[in-house]
Amino acid sequence: MAGTGSIGKNHMLITRKYGSYVFLGEILTDWETITDERDPQDAMNHSICGDCDICQRACPTSILQGEYYETGRCMSYITQDKKVKDEDLDLFRGRLFGCDTCQRVCPLNKYAERSHIAEFKPLPFMRDPDLNEIAAMDNRTFKRYRETSSGWRGKKLLKRNAMIALASKGMEIREEYADTEYLKDIRERLLKRYKL
Ligand code: SF4
Ligand code: SF4
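Predicted model, so just to flag it, every value in this text is computed and none were measured.

K.L.:
I'd like a description of the overall build of the chain, backed by residues and values.
P.N.:
Each helix and strand counted, the chain has 10 helices and 2 strands in total. Taken over the C-alpha atoms alone, the chain extends approximately 60 × 35 × 30 Å along its principal axes. In the chain, which comprises 196 residues, the proportion classed as buried is 22%. Long-range contacts, defined here as pairs at least 24 residues apart, represent 63% of the contacts in the chain between residues at least 6 apart.

K.L.:
Could you give an account of the site of ligand 1, with specific residues and numbers?
P.N.:
In the region of ligand 1, 13 residues are neighbours, and Cys 59, Cys 74, Met 75, Cys 99 and Cys 102 sit closest. Looking at the shell around ligand 1, the elements with two or more residues in it are α3 (75–78) and α5 (101–104). For the shell around ligand 1, the class distribution of residues is 8 nonpolar, 4 polar and 1 charged.

K.L.:
Would you mind going over the site of ligand 2 in detail, with residue names and values included?
P.N.:
Around ligand 2, the neighbouring residues are Gly 8, Lys 9, Asn 10, Cys 49, Cys 52, Asp 53, Ile 54, Cys 55, Val 105, Cys 106, Pro 107 and Leu 108. Class assignment of the residues belonging to the shell around ligand 2 gives a composition of 8 nonpolar, 2 polar and 2 charged.

K.L.:
So, the nonpolar core: which residues are in play, and what are the values?
P.N.:
Nonpolar side chains in soluble globular proteins tend to end up buried together. Ala 135, Leu 158, Ala 162, Met 163, Leu 166 and Ile 173 are the most contacted members of the largest nonpolar core, which has 19 residues in total. If you list the elements that add at least two residues to this core, you get α7 (131–135), α9 (155–168) and α10 (181–193). Excluding its chain neighbours within four sequence positions, the residues that come into contact with Met 163 are Ala 135, Ile 173, Tyr 177, Ile 186, Arg 187 and Leu 190. Core analysis: the next-biggest nonpolar cluster, separate from the first, contains 7 residues, Ile 14, Cys 59, Cys 102 and Leu 108 among them.

K.L.:
Would you mind going over α9 in detail, with residue names and values included?
P.N.:
Over its 14 residues, α9 runs 20 Å from end to end, which matches the ideal 20 Å to within 8%, given 1.5 Å per residue. If you check which residues of α9 are buried, you get Leu 157, Leu 158, Lys 159, Arg 160, Asn 161, Ala 162, Met 163, Ile 164, Ala 165, Leu 166 and Ala 167. Considering only its buried residues, α9 is in contact with α4 (86–89), α7, α8 (139–146) and α10. One or two positions beyond α9, positive phi appears at Gly 170, with a value near 75 degrees.

K.L.:
How would you sum up the packing of α9 against α10? Please name residues and give values.
P.N.:
Relative orientation and spacing of two packed helices are given, respectively, by the angle between their axes and the distance between those axes. The contact between α9 and α10 brings their axes to 10 Å, and the two run at 15 degrees. Accordingly, the angle class assigned to the pair α9 and α10 is roughly parallel. Once α9 is placed against α10, the crossing between them reads as right-handed. Residues Lys 156, Lys 159, Arg 160, Met 163, Ile 164 and Ala 167 of α9 touch α10, and the partners they reach there are Tyr 182, Leu 183, Ile 186, Arg 187 and Leu 190. Tallied by class, residues from the contact of α9 with α10 come to 7 nonpolar, no polar and 4 charged.

K.L.:
If you had to explain unusual backbone geometry to someone new, which residues and values would you point to?
P.N.:
Positive phi, normally seen in glycine, also occurs at His 11, with a value near 65 degrees. For His 11, the position within the fold is in the loop between β1 (6–7) and β2 (13–14). Phi angles above zero are rare outside glycine, and Lys 195 is one such case at about 50 degrees. Mapped onto the elements of the fold, Lys 195 is located in the segment after α10.

Cut-offs and rules
Residues numbered from 1 in each chain as written. Chains lettered and ligands numbered in written order. Predicted model: local features only at pLDDT ≥ 70, side-chain atom pairs only at ≥ 80, totals over all residues. Helix = DSSP H or I, 4+ residues; strand = E, 2+ residues; numbered from the N terminus. Buried ≥ 20, exposed ≤ 12 C-beta atoms within 10 Å, placed from the backbone. Contact = placed C-beta atoms within 7 Å. Near = placed C-beta within 6 Å. Nonpolar A, V, L, I, M, F, W, Y, C, P; charged D, E, K, R; others polar. Core = buried A, V, L, I, M, F, W, Y, C linked by C-beta atoms within 7 Å. Expected span 1.5 Å × (residues − 1). Axes fitted to C-alpha atoms, helices over the stretch in contact; angles between N-to-C directions. Parallel < 35°, antiparallel > 145°, perpendicular 65-115°, else oblique. Left-handed = near helix turned anticlockwise from the far one by under 90°.

Okay, here's the thing in structure tokens:
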């Protein structure tokens, strides 16, 4: 409504310059401004997408079909939830934290300008994560992950997701990776589900 962009079928705000790769902030002020009136429905009718439905087809949990979507079924949520259902393990497909598939496949992001702010760039060790290193992580090695957006849910969750990724590739999940009761249980479930 403020004219920053339009809402795509992936339910993201899509801006002209940066596509959907933006954060929204707000400023509370008593400064008098001139406003543009925009019909809220105009911002929400996905007109920016035209006939495209790439994100709807790419979403691993198929939740982008309707006007509203079940955020609890988004892989961003599922990969960060401590409880994970057996049937959802197959949906991870290597995702270690979050998803963003609906942003990565969006053609409107293809030529979006990237930020020059160094803090937004991926750290070198996150470009090509080593699954065994993450699954084996101790408190000392977790320190560098704690600095990242994937660190806030704790070490156990990243270890778990690395173990799920190893299992989905048919790779060994070493017993020593499961250093808590929670991870032991996950390892058992993975060994059983993927017949490792
Ligand atoms: S982040 Fe992933 S799971 Fe969530 S809506 Fe987008 S594609 Fe679907
Ligand atoms: S992928 Fe297509 S349908 Fe989805 S938000 Fe981007 S332009 Fe819209």
